[in-house]
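Structure at a glance
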Amino acid sequence: MDTSLVKKIVKKTKLIIKDNSNANKIMDILKYTQCKNIQVICLACKSLAEIFSHYISTKAILNTSKITAAEEDLSKEDQFSTWLKEQFGTTCDVLCEFLSHKNVEVQESSLAAIVTLLQSLFECNCDDISGHLIGNLITQLLSEDEDRSAIINCLPSDVSHWEKGTKFSSACLTHIKNQIKHNNELHTNVFLFNCWRLIKKVASYNMDNSTSRQLTGVICNFLSYKIPTELYRDILTGISPIMEKMSTPQRLTDFLSHSFDIGGAISLMSLHGLFILMHKHNLDYPDFYNKLYSMFEPQVFSAKYKARFFHLADTFLSSTHLPSYLVAAFVKRLARLSLHAPASAVYIIIPFIFNLINRHPALNVMLGRSDGPTELDSDPYMPDEKDPCKCNALESCLWELQVLERHYDPDLSLKASKRKTETETDLSTLLEATSTDIIGAYGKKIKKDNVPINFMKIGGLYLSDGFVL
């Protein structure tokens, strides 16, 4: 690092802030941004932000609307303000260009400088200048060719301490909407990924009613495009907290319902969004439980979102107002799946079943039915029936628990033999458990001293006659 240049930048910055007569030195600092030394460029960006934040706070930069006279008719103060605004525009252009710099440190320094300037502009009500700067910022972040996720993550996580933080959010959403509409349907996948990451970031800021309506419109416009599969999944997993900020999240009903009907992992990921609409916004989804019932398949135990699925399924089935025959279908379906599921899944299934029975005492008949089927073919339950209300689950019994009493895992055998618990089991501690965790837990129970490894102590190596090495 060139220490002499660093000292010059620091000295000139102090002189400029101290006395307006030194303002010409801004040109020197702008030249330093073209230096090949990365540290010098970063320091120059920081200095420019410091200098112009000072001039903004002292009202030295005029709004365009205030300049009505010809340049020669302006006072010296107004001429200085006009010149200062021109240099500010040049600075903003340079900082925005640096967002595409090949060096990450320069990108982060330029973004930090831009954020500092925006905060000063909003505090001083320089709306026309801040709007132009935000427009350039959003244009750079929503690149059609380059992944901007790293620099988007560097945006401030909270602007609530800003004097007009909601105004910043509103301006960002306005320019995001303009960029989405630009080029119509010609946006690349890279743009769509950048756009979604930026929407998530802005949605994390504080919003008033007007900004919430803007957010709703931006998201609906964004979802009208053809979304690549990877981004589709990212949207479904991240849409829930954003829905809390939207003015009318019901507008996502078609998107989430269609996702739920696709099946597989997409259906699993759409569950939480649908739950919010049903629980908080009174969405009526007639075939919801039929679809949820069909999702209980062997592959769900190896799905990436297994924990989230069982957590939400437990929530959906928590109401005591659900018909007993409907809940019985889920109980029987789980019991049948337990016969083929890995041990880590059975650790979830058994308490899940008992929790449902505790909530619906009418299901106790499935545990105590003495005239239940003795052979699989005589079980009245119809596992291939898609409608849970017609599968005859309540007429069956849970003979599967008797089978689990002979499970190779002694803990599971014990849990199955208890048949019923007085209180509900908290599933949160079980949902993330894997086979590795189970084996590790058993490993800790084994006493490490004098572990028998052979029934007879070997005295040496005995070779049979005629053995040739």
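Structure's up top.
These lines cover the structure that appears in this document, whether it is placed above or below. (Residues numbered from 1 in each chain as written. Predicted model: local features only at pLDDT ≥ 70, side-chain atom pairs only at ≥ 80, totals over all residues. Heavy atoms only, no water.)

Concerning the overall build of the protein chain
Across its full length, the protein chain holds 21 helices and zero strands. With 469 residues in all, the protein chain has 48% of them scored as buried. Accessible surface for the protein chain amounts to roughly 24900 Å². Of this, 52% is attributable to carbon and sulfur atoms. (Helix = DSSP H or I, 4+ residues; strand = E, 2+ residues; numbered from the N terminus. Buried < 20%, exposed > 50% of the residue type's maximum accessible area, 1.4 Å probe, protein only. Areas by Shrake-Rupley, 256 points an atom, 1.4 Å probe, with all protein chains shown as cover.)

Describing the side chain of His-407
Inspection of the secondary structure puts His-407 in the loop between helix 19 (400-404) and helix 20 (410-418). Within the local environment of His-407, its side chain forms a polar contact with the backbone nitrogen of Asp-409, the two atoms lying 3.0 Å apart. In this structure, His-407 is in contact with Ala-343, Leu-412 and Ser-413, ignoring residues within four places of it in sequence. (Polar contact = N/O pair within 3.5 Å; in protein donor to acceptor, adjacent residues only side chain to side chain. Contact = heavy atoms within 4.5 Å.)

What to know about helix 20
Taken together, the buried positions of helix 20 are occupied by Leu-412, Ser-413 and Ala-416. Taken end-on, helix 20 shows its buried residues confined to a sector of 105°, consistent with a single buried face. Facing away from the buried surface of helix 20 by more than 90 degrees, the exposed residues are Pro-410 and Lys-418. The inward-facing, buried residues of helix 20 abut helix 17 (343-359) and helix 19. The opening residue of helix 20 is Asp-409, an N-cap whose side-chain oxygen sits 2.9 Å from the backbone nitrogen of Asp-411. (Arc of directions from axis to C-beta.)

Here's the deal with the environment of Phe-296
Secondary-structure assignment places Phe-296 in the loop between helix 14 (288-294) and helix 15 (306-316). A relative accessible area of 1% places Phe-296 in the buried class.

Some words on the packing of helix 12 (residues 253-262) against helix 13 (residues 264-280)
The packing of two helices is summarised by the inter-axis angle and the distance between the axes. Running from N to C, helix 12 and helix 13 cross one another at 145°; their axes reach a closest spacing of 8 Å. For the pair helix 12 and helix 13, the sense of crossing is left-handed. Along the contact surface, helix 12 presents Thr-253, Leu-256, Ser-257, Ser-259, Phe-260, Asp-261 and Ile-262, while helix 13 presents Ile-266, Ser-267, Ser-270, Leu-271, Gly-273, Leu-274 and Leu-277. For the contact of helix 12 with helix 13, the class distribution of residues is seven nonpolar, six polar and one charged. (Axes fitted to C-alpha atoms, helices over the stretch in contact; angles between N-to-C directions. Left-handed = near helix turned anticlockwise from the far one by under 90°. Nonpolar A, V, L, I, M, F, W, Y, C, P; charged D, E, K, R; others polar.)

Description of the environment of Leu-186
By the element assignment, Leu-186 lies in the loop between helix 8 (165-181) and helix 9 (189-203). Considering only alpha carbons, one finds Leu-186 and Glu-144, 42 residues apart in sequence, at a separation of 9.7 Å.

Some details on helix 12
What helix 12 keeps buried is the set Thr-253, Phe-255, Leu-256, Ser-257, Ser-259 and Phe-260. Contacts from the buried residues of helix 12 go to helix 10 (209-223), helix 11 (229-243), helix 13 and helix 14.

Re the pattern of salt bridges
Counting across every chain of the model gives twelve salt bridges. Connected through salt bridges with shared partners, the residues Lys-332, Arg-336, Asp-379 and Glu-400 form a single ionic network. (Salt bridge = Lys/Arg side-chain N within 4 Å of Asp/Glu carboxyl O.)

Notes on the state of the cysteines
On inspection of all chains with the given rule, the structure shows zero disulfides. Of all cysteine sulfurs in the structure, the one in Cys-42 sits closest to Cys-45, which takes part in no disulfide; the separation is 6.4 Å. (Disulfide = S-S within 2.5 Å.)

Describing the nonpolar core
For soluble globular proteins, nonpolar side chains are generally found buried alongside one another. Formed by 152 residues in total, the largest nonpolar core has its most connected members in Phe-222, Leu-292 and Phe-310. Examining the composition of this core, we find that 13 residues originate from one element, helix 3 (residues 38-57), more than from any other. (Core = buried A, V, L, I, M, F, W, Y, C linked by side-chain atoms within 4.5 Å.)

Some words on the side chain of Thr-91
By secondary structure assignment, the location of Thr-91 is in helix 4 (residues 76-98). Judged by its relative accessible area of 0%, Thr-91 is buried. If we skip the residues at most four places from it in the chain, Thr-91 touches Leu-30, Leu-48 and Phe-52.

Here's the deal with the packing of aromatic side chains
Describing an aromatic ring pair means giving the distance of the ring centres and the angle of the ring planes. Enumeration according to the criterion identifies 21 aromatic pairs in this entry. Between Phe-260 and Phe-288, the aromatic rings sit 5.4 Å apart at their centres with planes inclined by 20°, giving stacked as the arrangement. With Phe-260 in helix 12 and Phe-288 in helix 14, the pair connects residues that are 28 residues apart, well separated along the chain. For the pair Phe-260 and Phe-288, a shared accessibility class is recorded, and that class is buried. Look at Phe-310 and Phe-352: their rings are 5.9 Å apart centre to centre, the planes differ by 75°, and that puts the pair in the edge-to-face class. In this pair, Phe-310 is assigned in helix 15 and Phe-352 in helix 17, connecting sequence segments 42 residues apart. (Phe/Tyr/Trp six-rings, centres within 6.5 Å; stacked < 30°, edge-to-face > 60°.)

Comments concerning unusual backbone geometry
You will see that Lys-59, though not glycine, has its phi angle at about 65°, which is positive. Within the secondary structure layout, Lys-59 lies in the loop between helix 3 and helix 4. Note on Lys-59: relative accessible area 55%, which makes it exposed. Here Asn-282, not a glycine, exhibits a phi torsion of approximately 55°, which is positive.

A few points about the packing of helix 2 (residues 25-32) against helix 4
In contact at an axis separation of 11 Å, helix 2 and helix 4 are set at 5° when each is read in the N-to-C sense. When the axis of helix 2 is compared with that of helix 4, the two are roughly parallel. On helix 4, the residues touching Ile-26, Met-27 and Leu-30 of helix 2 are Trp-83, Leu-84, Gln-87, Thr-90 and Thr-91. Residue classes in the contact of helix 2 with helix 4 are distributed as five nonpolar, three polar and no charged. (Parallel < 35°, antiparallel > 145°, perpendicular 65-115°, else oblique.)

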